[in-house]
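Now for the letters of each chain:
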Amino acid sequence: MKLFDSHSHIDDTCFDDDFEDVLQRAGDAGVEAIMIAGISVETTKKAIRLAAGHDNLFTAVGIHPHDAKECSDQTIEELKSLAKNPCVKAWGEIGLDFNRMFSPAPVQEKWLKKQMEAADALDLPIIFHERDSKGRFLEIIQEFSFKKPQGVVHCFSGSKKEMFRYLDLGYYIGITGILTIKQRGAYLRELAVMIPEDRIVIETDAPYLTPAPQKNKTRRNEPAFVKSVMTKLAQLKERDPAPLSEKIWNNTCNLFNIQI
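Computed from a predicted structure; not experimentally measured.

Take the sheet that holds strand E3 (residues 57–61) next. The sheet built from eight strands is open, its strands ordered E1-E2-E3-E4-E5-E6-E7-E8 with parallel pairing. Among the strands making up the open sheet, the edge pair consists of strand E1 (3–8) and strand E8 (200–202). Taken over all neighbouring pairs, the strand axes of this sheet differ in orientation by 30° on average, direction set aside. Across three bridges, strand E5 (residues 126–131) lies against strand E6 (residues 151–153) in parallel orientation. Across the sheet, the residue bridging to Phe-128 is Val-153, located in E6.

Following this line, the structure appears as structure tokens:
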């Protein structure tokens, strides 16, 4: 299988001691490209440094909704400057997270809109994060006047109605290791079979959301484990994993405007 981990955080400090080994294991598992999502200015800078020595690592710039209270116009300008780096292929992850409320809702909404404006101006696809926003996130992206809507709803965890609305708007759906978890992933497995094959991307969200069976052995997720997501998705869709993985590889390259 030819695999693209479309969303990871391998810039996390938990990978500092064995970063090259992590990449080697990913390659051994068929993972030929990895996107490192941005959550702050500092993590974005680190991701760019990591990607500089690897032609199959790509990065995104952005401020996570948890950290929206730390955002400013100066922050946006700094991210726009970082986005000029050739390894930067997206803006994100950005969105709304009303589950933990690390930043107030109005603040999250303000900087989501500001970052969408920046991404749209730079013609960058957006990596969206949505959790427990009770429809507010969907309202905002529907109201925004994009020149060309392009992006992915990362770690999709919404309803069937929301999923089809995202698809109608032109977005990809990002599927994580939750798909493999017996109880937690039951509803996602129902929905996954309904997603058109040309609108799916797979991801780890490493070091989080470790899939089965790896989660029984290690707490830390890593890009190599995206193979388990692909295997489960192929099983659910009753498809040969190799051609389906090729299709999803092409989806991811199209999403991020990558030629590799």
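That shown, we press on.
A grouping of Phe-164, Val-193 and Met-194 is seen on the molecular surface, where their side chains present a nonpolar patch of about 220 Å² in accessible area. Residue class for Met-194 comes out partly exposed when judged on its relative accessible area of 33%.

The subject of this paragraph is helix H2 (residues 41–51). Taken as a whole, H2 has its buried residues at Val-41, Thr-43, Thr-44, Lys-46, Ala-47, Ile-48 and Ala-51. Where the residues of H2 are buried, they touch strand E2 (31–36), E3, helix H3 (73–82) and strand E4 (88–97).

Further remarks concern the nonpolar core. Counting residues in each nonpolar core, the largest one holds 68 residues, and the members touching the most others are Trp-91, Met-116, Phe-128 and Leu-233. Counting residues in hydrophobic clusters, the runner-up holds 15 residues, among them Met-35, Ala-60, Ile-127 and Cys-253.

Here is what the cut-offs are and how they apply
Counting restarts for each chain, with residues numbered from 1 along the sequence as it is written. For a predicted model such as this one, the threshold for reporting local features is a pLDDT of at least 70, and the threshold for listing and counting side-chain atom pairs is 80 or more; totals across whole chains, interfaces and linings nevertheless cover every residue. Side-chain measures were taken over the full set of non-hydrogen atoms in the model, leaving aside hydrogen atoms and water. Following DSSP output, two strands are said to pair if at least two bridges run between them. Counting from the N terminus, the helices are the DSSP runs of H or I reaching at least four residues and the strands are the DSSP runs of E reaching at least two. Note on geometry: axes are C-alpha line fits, over the in-contact stretch for helices, and angles between N-to-C directions span 0 to 180 degrees. Like charges within 9 Å and nonpolar side chains (Val, Leu, Ile, Met, Phe, Trp, Tyr) within 5 Å are joined into patches, using only residues over 30% in relative accessible area that form no salt bridge. Per-residue and other accessible areas follow the Shrake-Rupley method at a 1.4 Å probe size, with only the shown protein chains counted as cover for residues. A carboxyl oxygen of Asp or Glu within 4 Å of a side-chain nitrogen of Lys or Arg is what we treat as a salt bridge. Think of it in three bands: with a 1.4 Å probe and only protein chains considered, a residue is buried below 20% of the maximum accessible area for its type, exposed above 50%, and partly exposed in between. Here a residue-residue contact requires only that any non-hydrogen atoms of the pair lie within 4.5 Å. Among the buried residues, those of types Ala, Val, Leu, Ile, Met, Phe, Trp, Tyr and Cys that are joined through side-chain atoms within 4.5 Å form a nonpolar core.

Honestly, it's all geometry; don't read function into it.
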